[in-house]
Amino acid sequence: MTVTVRPLEQSDHTEWHRLWTAYLKFYNTVLPEETYQLTWKRLFTPGEYEPRGFIALVDGKPVGLTHYMYHRSCWAEANNCYLQDLFADPEIRGKGVGSALIDAVRQAAKAVGVVNVYWMTHETNATARKLYDRVARRTGFIEYDLM
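These numbers were taken from a predicted model, which means no experiment stands behind them. (Residues numbered from 1 in each chain as written. Predicted model: local features only at pLDDT ≥ 70, side-chain atom pairs only at ≥ 80, totals over all residues. Heavy atoms only, no water.)

1. Some thoughts on the overall build of the chain
Point 1. Of the regular secondary structure elements, the chain holds 4 helices and 5 strands.
Point 2. Taken from N to C terminus, the helices and strands of the chain fall in the order β-α-α-β-β-β-α-β-α.
Point 3. Relative to the compact-globule value of 15 Å for 147 residues, the chain shows a C-alpha radius of gyration of 15 Å, a close match.
Point 4. Counting only C-alpha atoms, the chain reaches 40 × 35 × 35 Å along its principal axes.
Point 5. Within the chain, buried positions represent 35% of all 147 residues.
Point 6. Long-range pairs, those at least 24 residues apart, make up 57% of the contacts in the chain between residues at least 6 apart in sequence.
Point 7. Approximately 9700 Å² of the chain is accessible, and the part contributed by carbon and sulfur atoms is 55%.
Point 8. Averaging the locations of the 17 positively and 17 negatively charged side chains of the chain gives two centres separated by 5 Å. (Helix = DSSP H or I, 4+ residues; strand = E, 2+ residues; numbered from the N terminus. Rg over C-alpha atoms; globule rule 2.2 N^0.38 Å. Buried < 20%, exposed > 50% of the residue type's maximum accessible area, 1.4 Å probe, protein only. Contact = heavy atoms within 4.5 Å. Areas by Shrake-Rupley, 256 points an atom, 1.4 Å probe, with all protein chains shown as cover. Lys, Arg positive; Asp, Glu negative; His and termini not counted. Charge placed at Lys NZ, Arg CZ, Asp CG, Glu CD.)

2. A few points about the packing of helix α1 (residues 13-26) against helix α2 (residues 33-43)
Point 1. Interhelical geometry of α1 versus α2 gives an angle of 120 degrees and a closest axis separation of 12 Å. In terms of their interaxial angle, α1 and α2 are classed as oblique. Crossing geometry of α1 relative to α2 is assigned as right-handed. Of the residues in α2, those touching α1 at H13, W16, H17, W20, T21 and L24 are E33, Y36, T39, W40 and L43.
Point 2. Residues of the contact of α1 with α2, tallied by class, amount to 6 nonpolar, 4 polar and 1 charged. (Axes fitted to C-alpha atoms, helices over the stretch in contact; angles between N-to-C directions. Parallel < 35°, antiparallel > 145°, perpendicular 65-115°, else oblique. Left-handed = near helix turned anticlockwise from the far one by under 90°. Nonpolar A, V, L, I, M, F, W, Y, C, P; charged D, E, K, R; others polar.)

3. What to know about the pattern of salt bridges
Point 1. What the rule picks out here adds up to 5 salt bridges.
Point 2. E9 is the salt-bridge partner of R6, the closest N and O atoms lying 3.8 Å from each other.
Point 3. Judged by its relative accessible area of 22%, R6 is partly exposed.
Point 4. Residue class for E9 comes out partly exposed when judged on its relative accessible area of 39%.
Point 5. A salt bridge links D89 to R18; the shortest N-O distance between them is 3.1 Å. Pair noted here: D89 is in the loop between β4 (80-88) and α3 (97-111) and R18 is in helix α1, with a separation of 71 residues, a long-range link.
Point 6. Look at the salt bridges and you will find they share partners, linking R6, E9 and D12 into a network. (Salt bridge = Lys/Arg side-chain N within 4 Å of Asp/Glu carboxyl O.)

Right under this line is the structure:
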């Protein structure tokens, strides 16, 4: 089994929609179709701070995705990279898709001079946390939300 990761293309829309819907469902979230349309548009909008995405394929079949974006920091001259969404189809988990997607974001960030790639996950997401604990360091920071 070979995992191929590449940037999203316009022709990926149907599979991207399927994968992102499954990701949102995993987190018990439903978004209006307008948000899907806006996100898809933003993924292809030029600009340093617009979101980007990768899709993972196994034997030519889309099985995973990630979204990421760069943003400025008050602590460094270089931008940071926030890996916002990461998803692999359940039947393919544990086969390298997640780590390949993370590595693709790391490489893309490195290519533009970003040295910090970070993300969050829910504390109950034990499967993903096994991967994250293997490929990254846990910072100990706790997230707070105002809205």
